[in-house]
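# Summary of the model geometry
Take a look at the letters that make up each chain.
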Amino acid sequence: MLMLNKTAGVFSKPSKKKIYEFLRSFTFHPEKLFLHKLVLGIETSCDDTAAAVVDETGNVLGEAIHSQTEVHLKTGGIIPPVAQRLHRENIQRIVQEALATSRVSPSELSAIATTVKPGLALSLGVGLSFSLQLVDQLKKPFIPIHHMEAHALTIRLTNKVEFPFLVLLISGGHCLLALVQGVSDFLLLGKSLDIAPGDMLDKVARRLSLIKHPECSTMSGGKAIEHLAKQGNTLPLDFKAPMQRAKNCDFSFSGLQNIVGSIIMQKEKEEGIEKGQILASAADIAATIQHTTACHIVKRTHRAILFCKQKALLPQTDAVLVVSGGVASNLYIRKALEIVTNATQCTLLCPPPRLCTDNGIMVAWNGIERLRAGLGILYDTEGIRYEPKCPLGIDISKEVGEAAIKVPHLKIMI
Ligand code: KG4
Ligand code: ZN
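Source: prediction; values computed, not measured.

### A few points about the sheet that holds strand β4 (residues 48-55)
Reading across the sheet, the 5 strands line up as β5-β4-β3-β6-β7 and stay open at both edges, with mixed pairing between neighbours. Strands at the two margins of the open sheet, each flanked by one partner only, are β5 (60-67) and β7 (142-146). Averaged over all adjacent pairs, the angle separating strand axes in this sheet is 20°, with direction ignored. Packed on one face of the sheet, helix α14 (residues 360-373) meets β3 (38-43), β4, β5, β6 (111-117) and β7 and runs near 135° to β3.

Here's what the structure looks like:
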């Protein structure tokens, strides 16, 4: 091998050391060649231990998830210390699995992103302390993630969606409508004043003892309600949807839960069965609660679209409504929302179901979005804490209520 000797200007036989240096300069380091950003995302805000490695272009290089659903179904709800124990038992394995399948060595990571707010304190704590140890070991930057921001931005990994867009997040722990103007620029238009729709559906499913139903025993409450609703017919109710008089974008689901509770009691009397047994009318009750939930969600979302258009916060045509969170995997609710987006010349987009529920991919992607925007990247994690409660963005729900927009009636026939 001959190399140009710069000082002498002639070709000379290089030393062994020079050859090694020369060869080493060609060792394959993709992140150096393409300046690729690679983020490890870690999610433990509720009952799923999840991790993923995602690159700058949205390629999911590796992922792993451990779901606690089965355990919590048996105990009739999430018991926080149990969730914490299961996160502790699984986090190392899940992160290792995500890294191993991605074939990315930890040293190649650009940053580690972890959900630190909002969520169950004991669950968030496991993800945060594990991540801080890793950050310290690997000497990598840390990106603290807001769980709802991650849900909201997931659509930009799967679809080409520009800011601004409207997002409806409906899950077991959350229910909100927000305008997404940038990676970390949100206007909160409305939220649930009590419980989230998934929580309400889970409670109704428990009251109906659907875990004993042969077709629903392994399903989450919301999924079981959707499944049974297909076999039933809606029952006449005294009211159409909650909060009819409040002309804002807030939600309420606990009244609905109480009303359905009294219907169940009445049906148990009529059918002569004990609490804890499956009602013959369970499918009708499921259809009724699903329809009423859909009508309520649709009405508030319709008002949010009209408000944003009135204030020129969204374009008049081709505005985008993104729906995510566990309840967004409900096809009946999606179809009901499609009726609104068709009536308002908007496009309805939903991430695939596995990205609607909690996952590590959305956290890693949020990390990529923040890296690209240069937002919230920490090189010193001193004093970083998890926050069980944390609002998303600037709350303009009062202004939305003051606008008192009347929503035209839409027939929800699915
Ligand atoms: O987003 P997620 O996995 O966790 C959080 O709550 O953050 O959502 C779980 C919730 C549960 O309440 C579950 O019953 C509900 O989503 N869910 C559904 C469906 N699948 C899951 N609700 C209605 N229809 C479904 N198909
Ligand atoms: Zn979630």
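### Digging into the site of ligand 1
Taken together, 20 residues sit near ligand 1, with G172, D202, G222, E226 and G326 positioned nearest. The contact in question runs from an oxygen atom of ligand 1 to an N or O atom on the backbone of G173, over 3.1 Å. Between G326 and ligand 1, the recorded distance is 3.0 Å, taken from a backbone N or O atom to an oxygen atom. When the free accessible area of ligand 1 is taken as 550 Å², the share hidden by the protein chains comes to 90%. Top element by residues in the shell around ligand 1 is helix α9 (residues 221-229). It accounts for 4 residues. Here the shell around ligand 1 is composed, by residue class, of 3 nonpolar, 13 polar and 4 charged. Counting contributing residues per domain, the shell around ligand 1 is built from domain 1 (3-154 + 357-373) and domain 2 (158-350 + 394-403), each supplying no fewer than three.

### Some remarks on helix α10 (residues 254-271)
Taking 1.5 Å per residue, 18 residues should reach 26 Å; α10 reaches 25 Å between its end C-alpha atoms and fits that length. Taken residue by residue, α10 has L256, V260, G261, I263, I264, K267 and E268 as its buried positions. Those residues of α10 that are buried lie in contact with α8 (197-207) and α11 (282-310). G272 sits one or two residues past α10 and shows a positive phi near 65°.

### Focus on the domain arrangement of the protein chain
On domain assignment, one finds that the protein chain holds domain 1 (3-154 + 357-373) and domain 2 (158-350 + 394-403). If you average the C-alpha positions of domain 1 and of domain 2, the two centres end up 33 Å apart. Counting residues at the interface gives 16 residues for domain 1, matched by 19 residues for domain 2. Across the domain 1 to domain 2 interface the summed buried area is about 1,400 Å²; carbon plus sulfur atoms make up 72%. Among the residues of domain 1 in contact with domain 2, L73, M148 and A152 are the three that bury the most area, contributing 37% of the side total. One can count 0 salt bridges joining domain 1 with domain 2. Counting residues per element, the ones that place at least two in the side of domain 1 that touches domain 2 are α3 (69-75), α6 (147-153) and α14. Among the elements that line the side of domain 1 that touches domain 2, the one with the most residues is α6, at 6 residues.

### Digging into unusual backbone geometry
In this structure, the amide linkage connecting F163 to the following residue, P164, adopts the cis form with an omega of -5°. Structurally, P164 can be placed in the loop between α7 (155-158) and β8 (165-170). For S209, which is not a glycine, the phi torsion comes out positive at approximately 55°. For S209, a relative accessible area of 8% translates into the label buried. Positive phi values are uncommon outside glycine, yet A404 reaches one of about 40°. By the element assignment, A404 lies in the segment after α15 (397-403). A404 sits in the partly exposed class, given a relative accessible area of 40%.

### So, α8
Taken residue by residue, α8 has P197, G198, M200, L201, V204 and A205 as its buried positions. Viewed end-on, α8 has its buried residues packed into an arc of 160°, placing them on one side of the element. Looking one or two places after α8, you find S209, whose phi comes out positive at around 55°.

### Quick notes on the pattern of salt bridges
Tallied over the entire structure, the rule returns 13 salt bridges. The partner of E270 in a salt bridge is K267, and the shortest N-O contact between them spans 3.6 Å. Highlighted residues: E270 and K267, both in helix α10, separated by 3 residues, approximately one helical turn. Residue K267 is classed as buried on the basis of its relative accessible area, which comes to 17%. E369 is the partner of R372 in a salt bridge, and the nearest nitrogen-oxygen pair spans 3.6 Å. Residue R372 and its partner E369 are both found in helix α14; the two are separated by 3 residues, about one turn of the helix. On the basis of relative accessibility, which here comes to 41%, the residue R372 falls in the partly exposed class. Look at E369 and you get buried, because its relative accessible area is 2%.

Calculation notes
- Along each chain, residue indices are assigned from 1 in the same order as the chain's sequence is written.
- Lettering of chains starts at A and numbering of ligands starts at 1, both following the order in which they are written.
- Per-residue local features of the predicted model are confined to residues with pLDDT of at least 70, and side-chain atom pairs are confined, for both listing and counting, to 80 or more; whole-chain, interface and lining totals are unaffected and use all residues.
- Side-chain figures throughout are based on the complete set of non-hydrogen atoms in the structure, without hydrogens or water.
- Note on pairing: DSSP must find at least two bridges between two strands before they are called paired.
- Helix and strand assignments follow DSSP, with helices taken as H or I runs no shorter than four residues and strands as E runs no shorter than two, numbered in order from the N terminus.
- The axes used here are C-alpha line fits, helices contributing only the stretch in contact, and every angle between their N-to-C directions lies in the interval 0 to 180 degrees.
- Contact between two residues is taken to exist if any of their heavy atoms lie within 4.5 Å; hydrogens are not considered.
- Only a single heavy atom is needed: when it lies within 4 Å of a molecule or strand, its residue is near that molecule or strand.
- Under the rule applied, a polar contact is a pair of N or O atoms within 3.5 Å (in protein, one hydrogen donor and one hydrogen acceptor; residues adjacent in sequence only if both atoms are side-chain atoms).
- Surface accessibility follows the Shrake-Rupley procedure with a 1.4 Å probe radius. Residue values consider only the protein chains on display as shielding.
- For this scheme, ten residues count as nonpolar: Ala, Val, Leu, Ile, Met, Phe, Trp, Tyr, Cys and Pro. Four count as charged, namely Asp, Glu, Lys and Arg, and the remainder, Gly too, count as polar.
- For the purposes of this description, domain bounds are those given by an automatic or database domain assignment.
- Multiplying 1.5 Å by the helix residue count minus one yields the expected span of that helix.
- Buried residues are those whose accessible area, probed at 1.4 Å on protein chains only, stays under 20% of the maximum for their type, while exposed residues exceed 50% and partly exposed ones sit between those limits.
- Buried area: the sum, over both parts, of the accessible surface (1.4 Å probe) that disappears when the two are put together.
- In what follows, salt bridge is the name for a side-chain nitrogen of Lys or Arg lying within 4 Å of a carboxyl oxygen of Asp or Glu.
- Working definition: the arc comes from the directions between the helix axis and the C-beta atoms, pointing outward to the latter.

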